[in-house]
Amino acid sequence: MEDTRDLAERTPRSERKRRDSFGMFDGYDSCSDESTSSSSSEDSEDEVVPSIPVSLPIIKNNGQVYTYPDGKAGMATCEMCGMVGVRDAFYSKTKRFCSVSCSRSYSSNSKKASILARLQGKPPTKKAKVLQKQPLMAKLAAYAQYQASQQNQAKSKAVVPTESFDWGQYICSNNTAGAPVSCFKHAPMGTCWGDVAEGVRIEVINSDTSLPTKVYWIAEIIKLAGFKALLRYEGFDSDSSKDFWRNLCVPEVHPVGWCASSGKPLVPPKSIQHKYSNWKVFLVKRLTGAKTLPPDFNAKVHENMQFPFKKLMRVEVVDKNYLCRTRVALVEQVIGGRLRLVYEESQDGSDDFWCHMYSPLIHSIGWSRSIGHRFKRSDITRKIEGKMDAPAPLFQKVKDVDQSGDWFRDGMKLEAIDPLNLSAICVATVRKVLADGYLMIGIDGSEAVDGSDWFCYHGTSPSIFPAGFCEINDIELTPPRGYTKLPFKWFDYLRETGSIAAPVKLFNKDVPNHGFRQGMKLEAVDLMEPRLVCVATVTRIVHRLLRIHFDGWEDEYDQWVDCESPDLYPVGWCQLTGYQLQPPASQSNRDMSQSVPKQKKKAQQYKGQKKKRKIPVGRRPFGQTGARRSSFSGDEEQSPPPYPIQGPARPRPRTHLHQTHKSGNVTLQKIKENSL
């Protein structure tokens, strides 16, 4: 014992003070300097702990006392160093300490620790035990052997979950990066992800152990991809053989210090448990100056997973059969902020529509009448108790505009994303100016005579652009169907149609620092089948406009979306919210989609030409074989199958692709001169 005291006296005071002031270890008595005298490598070699027969394994920790299978108290844990041993061999009548040195160290430091805990507002807690001494390892190994048969039986009876898409393997095999969570302000944690970065340490479940109970160890974030992180246990250094991916927002991820405050054991992985003789000293050295998650990280995740929309709330939403009007729908399901809306007239609840709660396609009850938008009244409504109008503050606000001065006028020309073919930006016309800055837009050459396919965009929408936008940014512009004077030139078209282009100053020119980069992976809604969230890639960025490619599908299925679209999500969003993620399509799925023969079309309700879609015969919902008309949701005469969609394959929208040409060499200056 004198050698132990001499060792403590020889320890430089500055070194002890440095480790004492290490805030990350508040509550880690087993990792603090006060336990150095009893947990040093020299002391562990001198200490003799009677061996425990394999036939008497440790079963559980009842407070500070370990019990035998017969329930008799036979083991004890040292309150100073965390050492486990035979109770009768412990020091003093109370059997609270394994040695005289631990008893004296505890006596001299307990008062200091108590005062420190009170100042930090911490209640008395159990100590986090770094289980690293050989006698204890022998006991734990005996315990594992004792329950081997029970474990095998449990595994054989356990239900194996359906294997889902492995984002980690996909990202590593393709050497790609996931878009940061901070790019998605509408997603959970999107506005409070700044503290999460590579190099941050966290406490996670230790899967490299034979112990049947749940134990933890500290890991470092090696790589981030959305909510997913590639982790490496402390102690593996540059060895990546045990690296693993984990969603950081799941309940099993905690900031460093959580085990200490919760009384959970820290156990080094069995692959490296003999690498260091003193894991406590190792952790102190490795974690000094390191960063960890905020202490309220899990609370923030829980808070961000609460959504204001509730089941049976009534909203106005675009009619997926006629884009020019809205209908009343009821919220049937809320998953991660996405709403499954069932039209109020639907008797069996199958006529539904998926969108995000921040989507510009949904509005409060009365919105259509207030701005002059077409609205379809419900002829037959279901009598459901508990339904109520969704409060107006829940809906996404649009920017206030002044329509009294220069503003859009009927007949003005512009360029717009076609909502029935989101891979195309088309020549379009302002057909009607509504109140509060809203416009009814029609695609030139593809409009129905009665205007039933006009669609509503706000004047500040990032989906409409001034004439010449595509030419300046080297994007293919889709000319009006049937227009033969190619290549298309805006100057000639305006002169031929006797129209003017909408002034450039009226369009939204704000470009936020969104953080997206070409090649980033994400999870994106297929807006032609809005119930589906798919593995996708950002293939092009034009100011705030993103070109989204669905992995495994041809480029003709790409979609143009805004960088702040609520239909884009970080990698791992589906896992976090419980939504079904559609993996990349295999080659066989694509071949099946392309090999389906053309079917005889039913009579069109629209009087104008419409875009078509093809559905693989084997994947047609409800066993239908006739071709269906394309709509905003992909099907107008049939409802999509209810969520979730099983299997990796999914039907893809086959809209009629307009013949596209590069814009002619016309400048915005000429257009502006012509419009004056």
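What counts, and at which threshold
Residues numbered from 1 in each chain as written. Predicted model: local features only at pLDDT ≥ 70, side-chain atom pairs only at ≥ 80, totals over all residues. Heavy atoms only, no water. Helix = DSSP H or I, 4+ residues; strand = E, 2+ residues; numbered from the N terminus. Contact = heavy atoms within 4.5 Å. Areas by Shrake-Rupley, 256 points an atom, 1.4 Å probe, with all protein chains shown as cover. Buried < 20%, exposed > 50% of the residue type's maximum accessible area, 1.4 Å probe, protein only. Polar contact = N/O pair within 3.5 Å; in protein donor to acceptor, adjacent residues only side chain to side chain. Arc of directions from axis to C-beta. Phe/Tyr/Trp six-rings, centres within 6.5 Å; stacked < 30°, edge-to-face > 60°. Lys NZ or Arg CZ within 6 Å of the ring centre and 35° of its normal. Core = buried A, V, L, I, M, F, W, Y, C linked by side-chain atoms within 4.5 Å. Pairing = 2+ DSSP bridges. Axes fitted to C-alpha atoms, helices over the stretch in contact; angles between N-to-C directions. Salt bridge = Lys/Arg side-chain N within 4 Å of Asp/Glu carboxyl O. Lys, Arg positive; Asp, Glu negative; His and termini not counted. pLDDT = per-residue confidence, 0-100. Disulfide = S-S within 2.5 Å.

Enquirer: Could you give me a rundown of the overall build of the chain, with the residues and numbers involved?
Expert: Of regular secondary structure, the chain possesses 17 helices and 28 strands. Residue pairs in contact within the chain that sit at least 24 positions apart in sequence constitute 66% of those at least 6 positions apart. Entry remark: accessible area of the chain is about 31,600 Å², with carbon and sulfur atoms responsible for 51%.

Enquirer: Give a detailed account of the environment of Thr 288, specifying residues and quantitative values.
Expert: In this structure, Thr 288 sits in the loop between α10 (279-287) and α11 (297-304). Overall, Thr 288 belongs to the partly exposed group, its relative accessible area being 34%. A polar side-chain atom of Thr 288 sits 2.4 Å from the main-chain carbonyl oxygen of Val 284.

Enquirer: Which residues make up helix α8 (residues 167-174), and what are the values?
Expert: When we look at burial in α8, the residues that qualify are Trp 167, Gly 168, Tyr 170 and Ile 171. Seen from one end, α8 has its buried residues packed into an arc of 165°, which puts them on one side. Seen from the open side of α8, the exposed residues pointing more than 90 degrees away from its buried face are Gln 169 and Ser 173. Where the residues of α8 are buried, they touch β6 (216-225), β7 (228-233), β8 (244-247), β23 (521-525), β24 (533-542) and β28 (581-582). The opening residue of α8 is Asp 166, an N-cap whose side-chain oxygen sits 3.1 Å from the backbone nitrogen of Gly 168. Within two residues after α8, Asn 175 carries a phi angle of roughly 50°, on the positive side.

Enquirer: Lay out unusual backbone geometry with the relevant residues and their values.
Expert: Backbone torsion omega between Leu 486 and Pro 487 reads 0°, so that peptide bond is classified as cis. Note that Pro 487 resides in the loop between β22 (477-478) and α14 (490-497). Even without glycine at this site, Asn 175 takes up a positive phi of about 50°. When you line up the elements, Asn 175 lands in the loop between α8 and β5 (201-205). Non-glycine residue Asp 237 carries a positive phi angle of around 55°. Looking at where Asp 237 falls in the secondary structure, it is placed in the loop between β7 and β8.

Enquirer: Before we move on, can you summarise the packing of aromatic side chains with the specific residues and values?
Expert: The description of an aromatic ring pair uses the distance of the two centres, along with the angle that the planes make with each other. This model, assessed by the stated rule, comprises 28 aromatic pairs. Between the aromatic rings of Phe 408 and Phe 507, the centroid separation amounts to 5.3 Å while the plane-to-plane angle is 90°, which identifies the pairing as edge-to-face. Of this pair, Phe 408 sits in the loop between β16 (388-389) and β17 (413-418) while Phe 507 sits in the loop between α14 and β23; the two residues are 99 residues apart in sequence, bridging distant segments of the chain. The exposure class assigned to Phe 507 is buried, which follows from its relative accessible area of 5%. Members of the aromatic cluster, connected to one another through ring pairs, are Trp 217, Tyr 276, Trp 279 and Phe 282. When the ring centre of Tyr 343 is taken as origin, the NZ or CZ atom of Arg 327, which lies over that ring, is 4.0 Å away.

Enquirer: Tell me what's going on with the nonpolar core, and back it up with residues and numbers.
Expert: Grouped together as the largest cluster of nonpolar side chains are 133 residues, with contacts concentrated most on Phe 309 and Phe 408. In this structure Phe 408 touches Leu 414, Val 430, Val 433, Leu 439, Gly 459, Ile 464, Ala 502, Leu 506 and Phe 507, once residues within four positions along its chain are discounted. Judged by nonpolar contacts, the second largest core, of seven residues, contains Tyr 322, Cys 324, Trp 367 and Leu 434.

Enquirer: Tell me about the sheet that holds strand β9 (residues 254-255), residues and numbers included.
Expert: Here we have five strands laid out as an open sheet, ordered β8-β7-β6-β5-β9, and antiparallel in their pairing. With partners counted over all chains shown, the strands left at the sheet margins are β8 and β9, one partner each. Where β5 and β9 come together, two bridges link them in antiparallel fashion. Within β9, the position partnered with Glu 203 by the bridge is His 254. Helix-sheet contacts for α10 involve β5 and β6, and the interaxial angle to β6 is about 30°.

Enquirer: Before we move on, could you go through the pattern of salt bridges and cite the residues and values that matter?
Expert: Where charged atoms from two side chains of opposite charge approach closely, those side chains can pair. This structure, assessed with the given rule, holds 28 salt bridges. In this structure, Arg 201 engages Glu 234 in a salt bridge whose closest nitrogen and oxygen atoms are separated by 2.6 Å. Remark: Glu 234 occurs in the loop between β7 and β8 and Arg 201 occurs in strand β5; sequence separation between them is 33 residues. We note that Arg 201, like Glu 234, is buried. As a salt-bridge pair, Arg 544 and Asp 562 come within 2.6 Å of each other at their nearest N and O atoms.

Enquirer: I'd like a description of the pairing of β24, backed by residues and values.
Expert: Here β24 lies mainly inside the structure; seven of its ten residues are buried. Two strands pair when backbone bridges link them, and β23 and β24 are joined in this way by five bridges, in the antiparallel orientation. Bridge pairing links Leu 522 to Ala 536 in β24. Summarising the sheet, β24 and β28 pair through two bridges and their orientation is parallel.

Enquirer: I'd like to hear about the side chain of Glu 523, residue by residue, with values.
Expert: When you line up the elements, Glu 523 lands in strand β23. Buried within the structure, Glu 523 lacks any salt-bridge partner; its nearest side chain of opposite charge belongs to Lys 228, at an N-O separation of 7.6 Å. Looking at Glu 523, its side chain comes within polar contact range of the main-chain nitrogen of Gly 572, at 2.9 Å. Within the local environment of Glu 523, its side chain forms a polar contact with the backbone nitrogen of Trp 573, the two atoms lying 3.4 Å apart.

Enquirer: Provide a residue-level description of the confidence of the model for the chain, including the pertinent values.
Expert: Note: predicted coordinates in regions of low pLDDT should not be interpreted at a detailed level. Averaged over all residues, the pLDDT of the chain equals 75, while 64% of them reach at least 70. In the model, residues 141-146 has pLDDT below 50 throughout and makes 13 contacts with residues more than four positions away in sequence or in other chains. Confidence drops under pLDDT 50 across residues 149-163; counting only partners more than four residues distant or on other chains, this segment forms three contacts.

Enquirer: Give a detailed account of the environment of Phe 465, specifying residues and quantitative values.
Expert: As for its position among the elements, Phe 465 is in strand β21 (residues 464-465). Considered as a pair, Phe 465 and Leu 414 are 51 residues apart in the sequence and their alpha carbons are 6.1 Å apart. Leaving out residues up to four positions away in the same chain, Phe 465 has contacts with Leu 414, Glu 415, Ala 416, Ile 417, Ile 425, Phe 507 and Leu 545.

Enquirer: Lay out the side chain of Lys 521 in plain terms, naming residues and giving numbers.
Expert: Locating Lys 521 in the fold gives a position in strand β23. At 2.7 Å, the side chain of Lys 521 and the side chain of Thr 537 are in polar contact. Apart from the residues within four sequence positions on either side, Lys 521 is in contact with Trp 167, Tyr 170, Thr 176, Ala 177, Gly 178, Ala 179, Ala 536, Thr 537, Asp 551 and Val 571.

Enquirer: Now, about the environment of Val 542: what can you tell me, with residues and values included?
Expert: Mapped onto the elements of the fold, Val 542 is located in strand β24. On the basis of relative accessible area, Val 542 is assigned to the buried category, the value being 6%. Setting aside chain neighbours within four positions, we find Val 542 in contact with Phe 469, Asn 473, Ile 475 and Trp 560.

Enquirer: Describe the state of the cysteines, and please don't skip the residues or the numbers.
Expert: In total, this model carries zero disulfides according to the counting rule given. Left unpaired, Cys 192 is separated from the closest cysteine sulfur, that of Cys 249, by 8.7 Å.

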